[in-house]
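Here are the chains, one letter per residue:
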Amino acid sequence: MQRRPDGPDADVIVIGAGPVGLAAAMSLAGQGLRVTVLERDGHDLGPGPDVAERAWGDWRRPGVSQFRQPHILLPAGTALLRGRLPEVADALEAAGPLRLNIAAAARELPGMDGPRPGDERYDTLTARRPVLDAAFAAAAAAAPGVGVRRGVEVTGLLTGPAGPEGRPRVTGVVTQDGEELRAALVVDAGGRNSPVPTLLARLGGPPPASERAEAGFVYYARTYRAADGAPAGPVWPLVHHEGLSSIVIPADHDTWSVVLVVSGRDHALKALREPAAWERAARMLPELDGRTGGEPITAPQAMAGLHSRIQRTVVDGRPVVTGLVAVGDAWAATDPQFGLGLSMGLTHAVALGDTVAKTGLSDPLDLALRFDEVTARTLAPVYGRLREWDRHRIAEIDAVVAGRPYETDDEVWHLTNALDGVKLRDPDVLRAMTEVACMLDSPENAFAAPGLVERALALNGGPAWTWPGPARAEVLAAIEAR
Ligand SMILES: Cc1cc2nc3c(=O)[nH]c(=O)nc-3n(C[C@H](O)[C@H](O)[C@H](O)COP(=O)(O)OP(=O)(O)OC[C@H]3O[C@@H](n4cnc5c(N)ncnc54)[C@H](O)[C@@H]3O)c2cc1C
């Protein structure tokens, strides 16, 4: 093994140069810390013109399985970039993003009252995922104190003497070439397939508290471009039907994507991976009218295994390891239907920077506990809501496939569906729903106005709700028709 002279190689080592790893690196370097980011993928997009086209056409990122899947950056993420990482917002502006207001189309529907002061909260900047990542990469490359090394895979963790808490203390990493790099803090930003849980297990300490849903969703996504302009933004991006959901994701340079989402346990709908079957199913869904007419620039791309997973390294008030924290998808991966992963991860990255600004790096126990507290207070509730929604939705689809009604006495599930059902019929419900969907507010606060929930339930006829649109059997028949 190669050895470096004694002394840390950086203040912080970040594993993974995805958006969250780079956001964490920039937040930490903003405090004068030296941050080294190690990224397994070797290909660097580099500077130059036509960023969007080069990022989409040329950038190879096998380390991020969803790199070519549709992404939307929701308003919480955009606001955070503008407020805390303006250099990334500037780089994104330079790449030619789409400017979108999430409530703009819905507020023009009959019976709604048009724009209101404050609606600019729902403004966002978004782009295809490679274009978003290019903005992070360009900003990080120019950030003082941040060094990004691509083509370097972390394969081991270095440890020092255990701290007073008696738990393993991480002091650095080992790379695939045997290089040892030391730092006061290692940040795991290795994404949903981060190797760190496996590397941690080798250290022999107590295991982290982890949870992994047993079933998840499958995405069948297709991206289009129209030479004469993309269709207007969707009335609402995510629409649920009996047994499947659709998502419309507008993006940069007149591109947009359409996703059909099904349960991983609904084997009959696997036929959607075939382009003709996908198109026949899409034609069944009224909200997709006019949205599959452009030039397809991808085939229907399947991605399975989309379930929630979380790992917590503070268990019963004690960290199982110090000198190492996880951010973004490495901490918790969520159901992507709601498009919140980037906004959650960026919030997490900035929260890490803020925590380190308070604790410094010399007391790893204090840092571990405080970062866990912030994470539990701000992001864990969002994760928990998404996990609960998934649990019900998967069970509901199981029931549809088995030909029986889905029965649950969980009032939150019924209430969520009832409110969802009237969001396009009441301007206040629309705003409250948009606040929650864009991670701008909690459901408790967003729906706190006196009488709002009662009014919504009356409009909907009560909490008994069934998804409108074609039945699963009709979609299946369309898919199977030749
Ligand atoms: C199908 C799908 C659709 C999605 N749609 C949306 C959406 O619309 N909006 C949204 O906000 N979110 C969406 N998400 C979630 C979003 O993709 C993630 O939240 C986001 O990628 C998290 O960023 P990250 O930086 O934490 O991880 P990643 O982007 O996964 O980056 C992790 C990085 O770590 C590197 N790495 C891994 N192991 C090592 C190692 N051993 N050594 C060095 N480097 C390593 C990888 O190569 C990679 O570059 C979607 C996710 C999926 C799966």
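Keep in mind it's a predicted model, so treat the numbers as computed, not measured.

Visitor: For this particular structure, what's the right way to read the pattern of salt bridges?
Guide: Pairing between side chains becomes possible if they bear opposite charge and their charged atoms approach one another. For the structure on display, the rule yields 34 salt bridges. The shortest N-O distance in the salt bridge between arginine 34 and aspartate 11 comes to 3.8 Å. Here arginine 34, found in the loop between helix H1 (19–29) and strand S2 (35–39), pairs with aspartate 11, found in strand S1 (residues 10–15); they are 23 residues apart in sequence, far enough to count as distant. Residue arginine 121 is joined to glutamate 435 by a salt bridge in which the shortest nitrogen-to-oxygen separation is 2.6 Å. Linking arginine 121 in the loop between strand S3 (98–101) and strand S4 (123–126) with glutamate 435 in helix H12 (residues 427–437), this pair joins segments that are 314 residues apart in sequence. When salt bridges that share partners are traced, they join Arg107, Asp113, Arg116, Asp119, Asp426, Asp428, Arg431 and Arg455 into one network.

Visitor: Got a minute to help me understand the domain arrangement of the protein in this structure?
Guide: Size of an interface, as often reported, equals the accessible area lost when the parts are brought together. Here the domain parsing of the protein yields domain 1 (10–212 + 308–382), domain 2 (217–306) and domain 3 (387–470). When each unit is reduced to the centre of its C-alpha atoms, the spacing between domain 1 and domain 3 is 30 Å. Summing the contributions of domain 1 and of domain 3, the shared interface buries around 1,800 Å²; its carbon and sulfur component is 61%. Contact with domain 3 buries area across many residues of domain 1, yet Met112, Arg116 and Tyr122 alone supply 28% of it, more than any other trio. Put simply, domain 1 and domain 3 have five salt bridges between them. Linking domain 1 with domain 3 are six residue pairs in polar contact (both at pLDDT 80 or more), by the criterion used here. When residues of the side of domain 1 that touches domain 3 are traced back to their parent elements, those giving at least two are helix H3 (75–84) and helix H8 (341–359).

Visitor: Could you clarify how one ought to interpret the side chain of serine 27 in this entry?
Guide: You can see serine 27 is positioned in helix H1. In contact with serine 27, other than residues within four places in its own chain, are Leu85, Ala349, Val350 and Gly353.

Visitor: What's the story with the nonpolar core in this structure? I'm lost.
Guide: Val12, Met26, Val35 and Val187 are the most contacted members of the largest nonpolar core, which totals 50 residues. Once residues lying within four places of it in the same chain are set aside, the contact partners of valine 187 are Val12, Ile13, Val14, Ile15, Leu28, Val325, Val327 and Leu352. Ranked by size, the runner-up nonpolar core spans 49 residues in total, among them Ile102, Ala215, Trp236 and Trp389.

Visitor: What is the right way to look at the packing of helix H9 (residues 364–378) against helix H10 (residues 380–402) in this model?
Guide: Packing of H9 against H10 brings their axes to within 4 Å, and their N-to-C directions diverge by 45°. Between H9 and H10, the angle falls in the class oblique. Mapping the contact onto sequence places Thr375, Ala376, Arg377 and Thr378 in H9 and Ala380, Pro381 and Val382 in H10. When the residues that make up the contact of H9 with H10 are grouped by side-chain class, the tally is four nonpolar, two polar and one charged.

Visitor: Would you mind going over the side chain of arginine 54 with me for this structure?
Guide: Secondary-structure assignment places arginine 54 in helix H2 (residues 51–58). Despite its burial, arginine 54 remains without a salt bridge, the nearest opposite charge being carried by aspartate 58 at 5.9 Å. Polar side-chain contacts of arginine 54 include one of 3.1 Å to the backbone oxygen of leucine 45. Apart from the residues within four sequence positions on either side, arginine 54 is in contact with Leu45, Gly46, Pro47, Gly48, Pro49 and Trp59.

Visitor: Looking at this structure, I do not really get the confidence of the model for the protein. What am I missing?
Guide: A low pLDDT score tells you not to read the predicted coordinates there in detail. Looking at the protein, pLDDT values average 93 and 97% of them are 70 or higher. Scored below 50 in pLDDT, residues 1–5 makes 14 contacts in the model with residues more than four places away or belonging to other chains.

Visitor: Would you take a moment to explain the pairing of strand S12 (residues 244–250) for this structure?
Guide: Within a regular beta strand, the side chains point alternately toward one face of the sheet and then the other, so they alternate between its two faces. The buried fraction of S12 is high, at seven of seven residues. Between strand S11 (residues 238–240) and S12, which follow one another and run antiparallel, lie three residues, and glycine 243 among them has a positive phi close to 90°. With seven bridges joining them, S12 and strand S13 (residues 255–263) adopt antiparallel strand pairing. Paired with isoleucine 249 across the strands is serine 257, a residue of S13. Following S12, the chain reverses through four residues before pairing antiparallel with S13; histidine 253 in that reversal takes a positive phi of roughly 50°.

Here is what the cut-offs are and how they apply
Residues numbered from 1 in each chain as written. Predicted model: local features only at pLDDT ≥ 70, side-chain atom pairs only at ≥ 80, totals over all residues. Heavy atoms only, no water. Salt bridge = Lys/Arg side-chain N within 4 Å of Asp/Glu carboxyl O. Helix = DSSP H or I, 4+ residues; strand = E, 2+ residues; numbered from the N terminus. Domains from an automatic or database assignment. Buried area = accessible area lost by both parts, 1.4 Å probe. Polar contact = N/O pair within 3.5 Å; in protein donor to acceptor, adjacent residues only side chain to side chain. Contact = heavy atoms within 4.5 Å. Core = buried A, V, L, I, M, F, W, Y, C linked by side-chain atoms within 4.5 Å. Buried < 20%, exposed > 50% of the residue type's maximum accessible area, 1.4 Å probe, protein only. Axes fitted to C-alpha atoms, helices over the stretch in contact; angles between N-to-C directions. Parallel < 35°, antiparallel > 145°, perpendicular 65-115°, else oblique. Nonpolar A, V, L, I, M, F, W, Y, C, P; charged D, E, K, R; others polar. Lys, Arg positive; Asp, Glu negative; His and termini not counted. pLDDT = per-residue confidence, 0-100. Pairing = 2+ DSSP bridges.

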